[in-house]
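# Residue-level structural notes
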Amino acid sequence: MLKKGGTFKSIDILFSLTLFSVFAMAVLMVLLSGGQIYQNVVNDISIQFESRTSVSYITTKLRRCDTNDSVRVEMFGDAEALFLTEVAADGKEYETVIYLHEGDVKEQFTEKGNHFPPSTGTTILSVQSINFSMVDNSLVVIDYTTDEGAYTAYVYLRVNGGNT
């Protein structure tokens with residue numbers, strides 16, 4: 001851009017500054033939109049992780065209690081709950097009760113028959129609704145709805161289903 005006389009023309013400087021400004025604005029827009037997209041992806045993954053991990057926790061509890069007559073669905077408080085019975089080494093029976101209370105899936109672990117008010121359980125998951133049902137005493141169906149959608153989990157009980 002140097003001319004024979006060693007001077008710059010103002011049009012050359014203006015063109016260079018304009019080109020640099022357009023490039024800088026494009027880079028800034030890409031960075032800002034990329035940051036927003038990244039934040040949305042992180043939020044979605046976090047929500048899905050929480051929901052899947054919580055239901056995975058419940059299904060793992062079910063699989064751990066896969067013995068004869070150790071899983072049942074009954075009323076607890078105002079809703080149906082999942083009752084999981086375990087026998088300790090000393091012969092005492094303990095129950096894990098998983099239930100819905102005020103928009104939260106909660107859990108209580110107590111000696112069989114000793115239940116506390118539903119508000120005292122440990123929160124596992126926040127949901128709009130959750131329903132437990134048993135099909136032929138061998139399949140537990142967990143239907144739950146969160147702010148992100150409705151989901152269903154199936155757990156086949158091998159012992160109650162006849163396959164040991």
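Above this text is the structure in question.
Here goes a summary of the coordinates provided. (Residues numbered from 1 in each chain as written. Predicted model: local features only at pLDDT ≥ 70, side-chain atom pairs only at ≥ 80, totals over all residues. Heavy atoms only, no water.)

### With respect to the side chain of lysine 106
- Here lysine 106 shows up in strand S4 (residues 104-111).
- No salt bridge is formed by the buried lysine 106; the nearest opposite charge belongs to aspartate 104, separated by 5.0 Å.
- Polar side-chain contacts of lysine 106 include one of 3.4 Å to the backbone oxygen of serine 119. (Helix = DSSP H or I, 4+ residues; strand = E, 2+ residues; numbered from the N terminus. Buried < 20%, exposed > 50% of the residue type's maximum accessible area, 1.4 Å probe, protein only. Lys, Arg positive; Asp, Glu negative; His and termini not counted. Salt bridge = Lys/Arg side-chain N within 4 Å of Asp/Glu carboxyl O. Polar contact = N/O pair within 3.5 Å; in protein donor to acceptor, adjacent residues only side chain to side chain.)

### Overview of the sheet that holds strand S7 (residues 139-146)
- Here 3 strands make up an open sheet; going across it, the order is S6-S7-S8 and the pairing antiparallel. Of all strands in the sheet, those bounded by a partner on one side alone are strand S6 (129-135) and strand S8 (149-156). Looking at each pair of strands side by side, their axes are set apart by 15 degrees on average, direction ignored.
- The strands touched by helix H1 (residues 10-64) are S6, S7 and S8; relative to S7, the strand with the most contacts, the crossing angle is about 160 degrees. (Pairing = 2+ DSSP bridges. Axes fitted to C-alpha atoms, helices over the stretch in contact; angles between N-to-C directions. Contact = heavy atoms within 4.5 Å.)

### Some details on a negative patch on the surface
- Together, Asp44, Glu50, Asp147 and Glu148 make up a region of like negative charge exposed at the surface.
- For aspartate 147, a relative accessible area of 65% gives the class exposed. (Patch = residues over 30% accessible without salt bridge, like charges linked within 9 Å, V, L, I, M, F, W, Y side chains within 5 Å. Areas by Shrake-Rupley, 256 points an atom, 1.4 Å probe, with all protein chains shown as cover. Charge placed at Lys NZ, Arg CZ, Asp CG, Glu CD.)

### Remarks on the pattern of salt bridges
- Going through the model one piece at a time under the given rule, you end up with 5 salt bridges.
- Here glutamate 74 ties to arginine 72 by a salt bridge, and the two come within 2.6 Å at their closest N and O atoms.
- Here glutamate 93 and lysine 112 are joined by a salt bridge, their closest N and O atoms 3.6 Å apart. One end of the pair, glutamate 93, is in strand S3 (residues 93-101); the other, lysine 112, is in the loop between S4 and strand S5 (122-126), with 19 residues separating them in the sequence.
- Accessibility expressed as a relative area gives 38% for lysine 112, which makes it partly exposed.
- Overlapping salt bridges, with partners in common, bring together Arg72, Glu74 and Glu95 in one network.

Any functional reading would require information beyond the geometric quantities listed.
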